[in-house]
Amino acid sequence: MLEVKQVSKLYENQRGVRHIDFSMNRGEIVGFLGPNGAGKTTTMRMITGYLNPTHGTITIDGMSMADHPKKARQKIGYLPETPPLYPEMSVRAYLQFIADLRGIPVREQKQRIGGVIERLGLEGRERQIIRSLSKGYKQRIGLAQAILHNPDLLVLDEPTSGLDPKQIIEIRQLIRELGENHTVLLSTHILPEINTLCNRVLIINQGSIVLDGQPDQLANTMGETFEVSLEVMGPREAVLAELRGTPGVGSVRELAGEPTAPADAEAAAPAVPVTAVTAEGETVKVVVASVDKTDIRETLFYRMADKRYPIVSMKKESLSLEDIFLKLTTNESLDSAAADGGPTLEAEEAVPHA
């Protein structure tokens, strides 16, 4: 549906996006992440035809944006971070205006407008002046103008920015429903939104794509070791010694915790760093890391079972999306470049676009 091949946008004396290269299949919802000034908005403006790339090609459903811009744009619905609304118009008048701009045949306009009003929960608001509506309803109207011409590709830039929790839930549900019939490229700073809505994530940093993958597989890709948290029943020193001596184990990190006393204990025991006393006996809580990415859960299970130290709980540890994002986008060179007066992508994003 979308192919972005070696796309760059360069500015004199300023860094821009360089060699952006990715594609999207029909029906995907792809999250587009990056710190402020990384080039997200510039990339989305090039995809939607608002900016021309310096180098590279953008193809929408097999149609080149450079060679057939009008036909390619007809396949795209775009919601900028600030919805392109006319506040003095009514909801229906505005959608009628958009239908005319999009070249929707007059005989189809009434049905199309009625359909998006119903789909986006705007019934009863048709004659209301846009200025008088809440930000949540303005976002709905922005989505309505983006899907009115039934595009194949939806490009949404921060669609839940500035909304209250109830409005965020409503807009996320709308995006999820839109994803059933459209390909969606979604830019957001709300990382849980990616896990909630997207089946794939792109992370851009300093104008280049630094990661492309499925959210649930990113931790395995980024992790340098395999980690598992354990609670093991047995004497602390003996359990730690056995864990550290297990083949494939690189490190054992003890977890601090509060002990729980037996039910008939007269007073609670003082806090201890890694052990807890239960009615069944003493337990030790640790995080065990392998020497590489090898899954060591089975090895740990049989080792502890052989030594008769029961494993009370075992859970695989993984990097969160927040951890991965920070790992990929935290770069001291950005701070030093700014301190030296060098160009940054924040400057690139601030350049007026024709």
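In what follows, the structure referred to is the one given above.
About the thresholds
Residues numbered from 1 in each chain as written. Predicted model: local features only at pLDDT ≥ 70, side-chain atom pairs only at ≥ 80, totals over all residues. Heavy atoms only, no water. Helix = DSSP H or I, 4+ residues; strand = E, 2+ residues; numbered from the N terminus. Areas by Shrake-Rupley, 256 points an atom, 1.4 Å probe, with all protein chains shown as cover. Salt bridge = Lys/Arg side-chain N within 4 Å of Asp/Glu carboxyl O. Buried < 20%, exposed > 50% of the residue type's maximum accessible area, 1.4 Å probe, protein only. Contact = heavy atoms within 4.5 Å.

J.: Can you lay out the overall build of the chain for me, pointing to particular residues and giving the numbers?
T.: Check the secondary structure of the chain and you find 13 helices and 15 strands. Carbon and sulfur atoms provide 49% of the accessible area of the chain, an area that totals close to 18,100 Å².

J.: Residues and numbers for unusual backbone geometry, please.
T.: Even without being a glycine, Q6 presents a positive backbone phi close to 50°. Here Q6 lies in strand β1 (residues 2–11). Look at R308: it is not a glycine, yet its phi comes out positive at around 60°. By the secondary structure assignment, R308 is in the loop between α10 (297–306) and β15 (311–317).

J.: Kindly report on the pattern of salt bridges, identifying the contributing residues and their values.
T.: Side chains carrying opposite charge are able to pair once their charged atoms draw close together. Following the criterion strictly, the structure yields 15 salt bridges and no others. The partner of K75 in a salt bridge is D61, and the shortest N-O contact between them spans 3.3 Å. One end of the pair, K75, is in the loop between α2 (69–73) and β6 (76–79); the other, D61, is in the loop between β4 (55–60) and β5 (63–64), and 14 residues separate them in sequence. Note that E237 and R236 form a salt bridge whose closest N and O atoms lie 2.5 Å from each other. Given the relative accessible area of 53%, E237 is considered exposed. When its relative accessible area of 25% is taken as the criterion, R236 is described as partly exposed. Through salt bridges that share partners, R26, D61, K75 and D152 make up one connected network.

J.: Provide a residue-level description of the environment of V210, including the pertinent values.
T.: When you line up the elements, V210 lands in strand β10 (residues 208–213). Residues V210 and I20 lie 190 residues apart in sequence; the distance between their C-alpha atoms is 9.8 Å.

J.: Outline the side chain of T188, supporting the account with residue identities and numerical values.
T.: Relative to the assigned elements, T188 resides in the loop between β8 (183–187) and α7 (191–197). A relative accessible area of 1% means that T188 is categorised as buried. Look past the residues within four positions of T188 in its chain and what remains in contact with it is F32, L33, E158, E193 and I194.

Any functional reading would require information beyond the geometric quantities listed.
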